[in-house]
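Residue-level structure breakdown
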Amino acid sequence: MGTCRQPATAKWYDRRDSVFIEFLVEDSKDLEVKFEKSKLDFRCVGGTENLKHQNELELFDSINPDESKHRRTDRSVLCCLKKAKAGVAWPRLTKDKAKCQWLGVDFNNWKDWEDDSDEDLSSFDKFSEMMNTMGGEDGMPDMGMGGMEGLEEHDSDDEKMPDLE
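Residues numbered from 1 in each chain as written. Predicted model: local features only at pLDDT ≥ 70, side-chain atom pairs only at ≥ 80, totals over all residues. Heavy atoms only, no water.

Before going further, it helps to examine the sheet that holds strand β4 (residues 39-46). The three strands lie next to each other as β3-β4-β5, forming an open sheet whose pairing is antiparallel. Of all the strands in the sheet, just β3 (29-36) and β5 (51-58) have a single pairing partner and so form its edges. Averaged over all pairs of adjacent strands, the angle between strand axes in this sheet comes to 5 degrees, irrespective of strand direction. Sheet topology note: the β3/β4 ladder contains six bridges and is antiparallel. Looking across to β4, one finds that Phe35 is bridged to Leu40. (Pairing = 2+ DSSP bridges. Helix = DSSP H or I, 4+ residues; strand = E, 2+ residues; numbered from the N terminus. Axes fitted to C-alpha atoms, helices over the stretch in contact; angles between N-to-C directions.)

Pasting the structure below:
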């Protein structure tokens, strides 16, 4: 392939004081990650085909390059970009509003941290908690059927079903 470089697939998420971007490159080598005040330059060779990857990003807002870092694993390279202004949400990773084909949101790690109420509870946890406070079988109110426990009632479910033709 020569010197032709293609962007690595990546996903990102926002936190109160940092932005995380994970470049999904397996078995990366010759890794170069440069953090600048409003720019990120990522380069590596990866995969079984030894493809050359390069991603240059003009960031949505400024970062602190000295406090930003990255970590390489066999499956990806995770970059932690320390925000210059903590507590400011980034609605997107890049300065440009145009969508990058190689970049997506990491919904598994995304958290709407601006809304601090019940911050630690996911919507599923909130739903479960609501169901628990409503009560279950044991907490059901008396339906006015007291005194009928000993009576057996004929049930049509007990009859033999007719054969299908």
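Mapping Ala89 onto the fold places it in the loop between β7 (77-82) and β8 (103-105). Look at Ala89 and you get partly exposed, because its relative accessible area is 24%. Taking the C-alpha atoms as reference, Ala89 lies 9.2 Å from Asp112; in sequence the two are 23 residues apart. (Buried < 20%, exposed > 50% of the residue type's maximum accessible area, 1.4 Å probe, protein only.)

On to unusual backbone geometry, then. Even without glycine at this site, Asp27 takes up a positive phi of about 50 degrees. Relative accessible area serves as the criterion here: at 40%, Asp27 is assigned to the partly exposed category.

A few words on the sheet that holds β8. Here we have five strands laid out as an open sheet, ordered β6-β7-β2-β1-β8, and mixed in their pairing. Since the sheet does not close on itself, it has two edges, and those belong to β6 (69-72) and β8, each with one partner. Across the sheet, the mean angle from the axis of one strand to that of its neighbour is 20 degrees, orientation sign disregarded.

Here the focus is the side chain of Asp41. When you line up the elements, Asp41 lands in strand β4. Polar contacts involving the side chain of Asp41 include one to the side chain of Arg43, which spans 3.1 Å. Setting aside its immediate chain neighbours within four residues, Asp41 contacts Glu32, Val33, Lys34, Gln54, Asn55 and Glu56. (Polar contact = N/O pair within 3.5 Å; in protein donor to acceptor, adjacent residues only side chain to side chain. Contact = heavy atoms within 4.5 Å.)

Among the surface-exposed residues, Val105, Phe107 and Trp110 lie close enough to one another that they form a single nonpolar patch of about 310 Å² accessible area. Along the chain, Phe107 falls in the loop between β8 and α1 (123-134). (Patch = residues over 30% accessible without salt bridge, like charges linked within 9 Å, V, L, I, M, F, W, Y side chains within 5 Å. Areas by Shrake-Rupley, 256 points an atom, 1.4 Å probe, with all protein chains shown as cover. Salt bridge = Lys/Arg side-chain N within 4 Å of Asp/Glu carboxyl O.)

This brings us to the environment of Leu40. Inspection of the secondary structure assignment puts Leu40 in strand β4. By relative accessible area, which is 0% here, Leu40 ends up buried. When the C-alpha positions of Leu40 and Leu81 are compared, they lie 9.0 Å apart, and in sequence the two are 41 residues distant. Other than its neighbours up to four places away in sequence, Leu40 contacts Ile21, Phe23, Val33, Lys34, Phe35, Asn55, Glu56, Leu57 and Leu59.

This next bit is on the packing of aromatic side chains. One pass over the full model with this rule turns up four aromatic pairs. Look at Tyr13 and Phe20: their rings are 4.9 Å apart centre to centre, the planes differ by 15 degrees, and that puts the pair in the stacked class. With respect to class, Tyr13 is no different from Phe20; both count as buried. (Phe/Tyr/Trp six-rings, centres within 6.5 Å; stacked < 30°, edge-to-face > 60°.)

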